[in-house]
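Below, each chain spelled out in residue letters.
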Amino acid sequence: KAGVTQTPRYLIKTRGQQVTLSCSPISGHRSVSWYQQTPGQGLQFLFEYFSETQRNKGNFPGRFSGRQFSNSRSEMNVSTLELGDSALYLCASSPGGDNEQFFGPGTRLTVL
Amino acid sequence: GEDVEQSLFLSVREGDSSVINCTYTDSSSTYLYWYKQEPGAGLQLLTYIFSNMDMKQDQRLTVLLNKKDKHLSLRIADTQTGDSAIYFCAERIPGSARQLTFGSGTQLTVLP
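Everything numeric in this text was worked out from a predicted model, so none of it was measured. (Residues numbered from 1 in each chain as written. Chains lettered and ligands numbered in written order. Predicted model: local features only at pLDDT ≥ 70, side-chain atom pairs only at ≥ 80, totals over all residues. Heavy atoms only, no water.)

Here we come to the packing of aromatic side chains. The final tally for this structure, using the stated rule, is 14 aromatic pairs over all chains. Ring geometry for Tyr35(A) versus Phe45(A): centroids 5.5 Å apart, planes at 70°, classification edge-to-face. Within this pair, whereas Tyr35(A) is found in strand β4 (residues 31–38), its partner Phe45(A) is found in strand β5 (residues 42–50), the two being separated by ten residues in sequence. Residue class for Tyr35(A) comes out buried when judged on its relative accessible area of 0%. Look at Phe45(A) and you get buried, because its relative accessible area is 5%. Residue placement shows Lys56(B) over the ring face of Tyr48(B); its charged tip is 4.1 Å from the ring centre. (Phe/Tyr/Trp six-rings, centres within 6.5 Å; stacked < 30°, edge-to-face > 60°. Helix = DSSP H or I, 4+ residues; strand = E, 2+ residues; numbered from the N terminus. Buried < 20%, exposed > 50% of the residue type's maximum accessible area, 1.4 Å probe, protein only. Lys NZ or Arg CZ within 6 Å of the ring centre and 35° of its normal.)

Residue and element names in this part refer to chain A. Ordered by their spatial adjacency, four strands build an open sheet running β1-β3-β8-β7, and the pairing between neighbours is antiparallel. Each edge of the open sheet carries a strand with a single partner, namely β1 (5–7) and β7 (64–68). Each strand of the sheet is rotated relative to its neighbour by a mean of 20°, with strand direction disregarded. In terms of strand pairing, strand β3 (residues 19–24) meets strand β8 (residues 74–78) through five bridges, oriented antiparallel. Within β8, the position partnered with valine 19 by the bridge is valine 78. (Pairing = 2+ DSSP bridges. Axes fitted to C-alpha atoms, helices over the stretch in contact; angles between N-to-C directions.)

Moving on, we come to the environment of Ser33(A). Residue and element names in this part refer to chain A. With respect to the secondary-structure elements, serine 33 resides in strand β4. Separated by 33 residues in sequence, serine 33 and glycine 66 place their C-alpha atoms 9.9 Å apart. Residues within four places of serine 33 in sequence aside, it is in contact with Phe45, Phe47, Glu48, Leu90, Cys91, Ala92 and Gln101. (Contact = heavy atoms within 4.5 Å.)

Turning to the interface of chain B and chain A, a few remarks are in order. Chain B puts 18 residues into the contact, and the matching count from chain A is 23 residues. Here chain B and chain A share an interface that buries about 1700 Å² over both sides, 49% of which is from carbon and sulfur atoms. A salt bridge links Arg98(B) to Glu48(A); the nearest nitrogen and oxygen atoms lie 2.6 Å apart. Counting across the chain B and chain A interface gives eight residue pairs in polar contact (both at pLDDT 80 or more). Counting residues per element, the ones that place at least two in the side of chain B that touches chain A are β4 (31–37), β5 (43–50), β9 (85–92) and β10 (100–102) of chain B. Here the side of chain B that touches chain A is composed, by residue class, of eleven nonpolar, five polar and two charged. (Buried area = accessible area lost by both parts, 1.4 Å probe. Salt bridge = Lys/Arg side-chain N within 4 Å of Asp/Glu carboxyl O. Polar contact = N/O pair within 3.5 Å; in protein donor to acceptor, adjacent residues only side chain to side chain. Nonpolar A, V, L, I, M, F, W, Y, C, P; charged D, E, K, R; others polar.)

The values reported here are purely geometric and, on their own, carry no functional implication.
Set out below in structure tokens:
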């Protein structure tokens, strides 16, 4: 069974631009969560989607948004990029319920 | 509140056992997880324990949970150089969907 895939793996943007990251969960998994990882703040929860509905949201500004499609693939969007948005963005896939979560390799975003 | 703490560094000799410790503050946590992250990679799920268990063993890995002290540990037997990585513990709180709260990570260095 294929693992969690994230595209692109690396991205360079400039301040003020917007970016869209994509996550394809493990086949059959309906839950996708997004996390931001930075050296200063560590791993922080952004949001979770389950069956196309946002179930939970972390403490991030409204510039961070996401969505999930009927095939469970998810995208997250960051508008008006700031230097501090430079991070590794990880998505996690789960069947749902009380199950373990499996992470993708991440997208490394650099904002110049 | 939610806060997961880990020591930042641990060095061991190849062949020895490693013990990575974690404390958490939310006594209502349901699941507690251990993830491994190698340089430039995403998070690899190693093992997890449900909060009504005291111990879980999986090959070279042993997880111990002390609910009274809110202390979680991961023991790696016969540590190898390939075990060098950052190890994160994480907790899942009831009512937070599948949101995980992570510790800051422990950098394990295995010396030859």
